[in-house]
Amino acid sequence: MKTLFKTLLILGFVLVGGAVLLGWGVFHLLGDVPGVHLTVDGEEVILSGMGLADAFGAGVGLILAFVVVCLIVPLVLLLGLGLPLLILGAVALVALAALAGVGAVVGSPLLLIGLVVWLIVRDKPRKAPRVQTAAAPSAPALGASPAEPSLHA
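Computed from a predicted structure; not experimentally measured. (Residues numbered from 1 in each chain as written. Predicted model: local features only at pLDDT ≥ 70, side-chain atom pairs only at ≥ 80, totals over all residues. Heavy atoms only, no water.)

1. Comments concerning the overall build of the protein chain
Here comes step 1: The number of helices and strands found in the protein chain is two helices and two strands.
Here comes step 2: When the helices and strands of the protein chain are read in sequence order from the N terminus, they spell out α-β-β-α.
Here comes step 3: Taken over 153 residues, the protein chain has a buried fraction of 2%.
Here comes step 4: Counting only carbon and sulfur atoms, one obtains 77% of the accessible surface of the protein chain, whose full area is about 14000 Å². (Helix = DSSP H or I, 4+ residues; strand = E, 2+ residues; numbered from the N terminus. Buried < 20%, exposed > 50% of the residue type's maximum accessible area, 1.4 Å probe, protein only. Areas by Shrake-Rupley, 256 points an atom, 1.4 Å probe, with all protein chains shown as cover.)

Right under this line is the structure:
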C-alpha cells in the first residue's frame with residue numbers, strides 16, 4: 001500500500017507540474033499572438049510589458065490563492081461540517097449510553113431472576129465415565145518389518 005500511495009503522490013506532483021508548465025506556456029504564447037488581447041477591467045494587459053512590481057504582485061496573488069485553496073478551504077470544511085457532525089455523534093452516543101444505563105437499572109430485578117432461573121433449569125452435560133478396554137495387537141505399519149519395534153501400544 002505504501003508503494004501505491006507513493007506512486008500516486010509522485011504522479012500527482014508530476015501532473016501539477018505539467019499543468020503549471022502548460023498554463024505558463026499558453027499564457028506567454030497567447031500574449032505574443034497578434035489577434036489575441038487579454039483585457040482586465042476594460043484595460044488591455046500586455047504580458048511582455050509586465051514590470052517587476054506587477055510580476056511580484058501576481059506572484060503574491062498566486063501564493064495567497066494557493067494557500068486559500070490548499071489550507072483554508074479544507075479547514076473550513078473540516079470545522080464547518082466535520083466538527084458539528086462529530087459533536088452530534090457524541091451526543092447520540094451519550095444518549096444511547098444513558099438509555100442503556102436506565103434500562104439496566106430498571107431491568108436488573110428481572111435480569112437477576114432470569115439468571116437464577118437459567119442456572120437452575122439449565123441442563124449440565126454429564127461426562128461419560130471412561131472405560132478401559134484392552135488394546136488389540138495392531139499390525140505393523142506399512143513399510144516396517146515385523147522385527148522392528150512398533151510405537152503402537
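2. A short note on the packing of aromatic side chains
Here comes step 1: By the definition in use, this model includes zero aromatic pairs.
Here comes step 2: Positioned over the ring face of Trp 118 is Arg 122, at 5.2 Å from the centre of the ring. (Phe/Tyr/Trp six-rings, centres within 6.5 Å; stacked < 30°, edge-to-face > 60°. Lys NZ or Arg CZ within 6 Å of the ring centre and 35° of its normal.)

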